[in-house]
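Results of the structural survey
Here are the chains, one letter per residue:
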Amino acid sequence: MEYKERTLKKSALRASENFKVLLVTGARQVGKTTFLRNIAGERRYVTLDNPKDLLMAVEEPEFFFETYRPPVLIDEIQYAPPLFRYIKMLADKTEERGLVWMTGSQQFGLMRDVSETLAGRVIIMDMMGFSFYERMSAGELQKPFLPSREPAQILKRRGLRETYEAIWRGAYPDITDRPEDQWAGFYSSYVKTYIERDVRQIINVGNASDFMKFLSVIAARTAQELNFADISRDVGIAPNTAKAWLAILETSGIVYLLRPYFKNITK
């Protein structure tokens, strides 16, 4: 599959010039590793999905950095919390920037470890799925949204059918070019992996079918006002449980909550 340039490229490279550590987070399968490997140049690469390297990172972190000297890209950093202390030590020894690049999918414990150990040394960038620009291999043309009476029209305007097809297909890079009959299988496997590898590590979901129903109810309310009483009633769970489960979906990048705009910034 052809690599599509990500809009985040320019910002990530500039951030690496100014910070010692770069962390790219986001939901599973949004393209974090592919993105960083395509802009890494001669930077060393190691993935902690490899059991041998993971064991070294957990039990011998000092030797790990002897083997993989900076500048280095560490994939799935959340699997090896002991590395964070050594990354801090590396960062404090030099004024060199861009020492360590990292990716992390499970943001729950990861963000706690990062904030406790690497505060002031790391810049965190969140990656989402493909935008329309990125789908069309025009990621570098995309600019931050600014309200205007004359919005820029770089890409052609889409009709209703094309827009809904893009929404139905989704924005995960691995699915954007696949035939339609492959979509259901991809998402079925994705949700199963998400619940088993991510959600169950954070909360005790006694009945996985309840969480699946919760996902369906949340999806049916896309672009609608958030009402926990309605959601909890439809799923058959307590409102506090609905709030806790939604917080997990938001933290792991599955949903995005759009807050209302108030002129009064204290609201």
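Please refer to the structure higher up on the page.
The structure reproduced in this document is the subject of the present report. (Residues numbered from 1 in each chain as written. Predicted model: local features only at pLDDT ≥ 70, side-chain atom pairs only at ≥ 80, totals over all residues. Heavy atoms only, no water.)

Moving on, we get to the overall build of the chain. Within the chain one finds 12 helices and 5 strands. On C-alpha atoms alone, the chain measures out to a radius of gyration of 20 Å, which is about the 18 Å that the 2.2 N^0.38 rule sets for 267 residues. When the backbone C-alpha atoms are referred to their principal axes, the chain occupies close to 55 × 50 × 50 Å. When each of the 267 residues of the chain is scored for burial, the buried share is 39%. (Helix = DSSP H or I, 4+ residues; strand = E, 2+ residues; numbered from the N terminus. Rg over C-alpha atoms; globule rule 2.2 N^0.38 Å. Buried < 20%, exposed > 50% of the residue type's maximum accessible area, 1.4 Å probe, protein only.)

On the basis of which strands lie adjacent, the open sheet formed by 5 strands has the order E2-E3-E4-E1-E5 and parallel pairing. The open sheet is flanked by strand E2 (44–47) and strand E5 (122–126), the only strands paired with a single partner. On average, adjacent strands in this sheet sit at an angle of 15 degrees to one another, irrespective of strand direction. As paired elements, E2 and strand E3 (residues 72–75) share 4 bridges and run parallel to each other. Looking across to E3, one finds that Tyr45 is bridged to Leu73. Contacting strand E1 (21–25), strand E4 (100–104) and E5, helix H1 (residues 9–18) runs over the sheet at an angle of about 170 degrees to E5. (Pairing = 2+ DSSP bridges. Axes fitted to C-alpha atoms, helices over the stretch in contact; angles between N-to-C directions. Contact = heavy atoms within 4.5 Å.)

Our next topic: the pairing of E4. Counting buried positions over the 5 residues of E4 gives 5, a clear majority of the element. Of the two faces of E4, the one carrying Val100, Met102 and Gly104 and the one carrying Trp101 and Thr103 are both buried. In this sheet, E4 lies alongside E1 in parallel orientation, the contact comprising 5 bridges. Along E4, the bridge assignment pairs Val21 with Val100.

This next bit is on the pattern of salt bridges. On inspection of all chains with the given rule, the structure shows 15 salt bridges. Among the salt bridges present, the one from Glu95 reaches Arg97, with a minimum N-O distance of 3.1 Å. Judged by relative accessible area, which is 59%, Glu95 ranks as exposed. Each of the salt bridges in this network shares a partner with another, and the network as a whole consists of Arg221, Asp230, Arg233 and Asp234. (Salt bridge = Lys/Arg side-chain N within 4 Å of Asp/Glu carboxyl O.)

In total, this model carries 10 aromatic pairs according to the counting rule given. Between Phe64 and Phe65 the ring centres are 5.3 Å apart and the planes differ by 90 degrees, which places this aromatic pair in the edge-to-face class. Side by side, Phe64 and Phe65 carry an identical accessibility label, which is buried. Every member of this aromatic cluster is reached through a ring pair, and the members are Tyr172, Phe186, Tyr187 and Tyr190. (Phe/Tyr/Trp six-rings, centres within 6.5 Å; stacked < 30°, edge-to-face > 60°.)

All right, on to empty space enclosed by the protein then. Counted by the stated rule, this structure contains 1 cavity of 30 Å³ or more. Of the voids in this model, the largest cavity is the one considered here, and its volume is about 30 Å³. Classifying every residue of the lining of the largest cavity by side-chain character gives 4 nonpolar, 2 polar and 2 charged. (1 Å grid on protein atoms, 1.4 Å probe; cavity = no way out; pocket = protein on both sides within 12 Å on 5 of 7 lines; lining within 4 Å. Points joined across faces, edges and corners; volume = space filled by probe spheres on them. Nonpolar A, V, L, I, M, F, W, Y, C, P; charged D, E, K, R; others polar.)

Remember that the coordinates give geometry; whether it matters functionally is a separate question.
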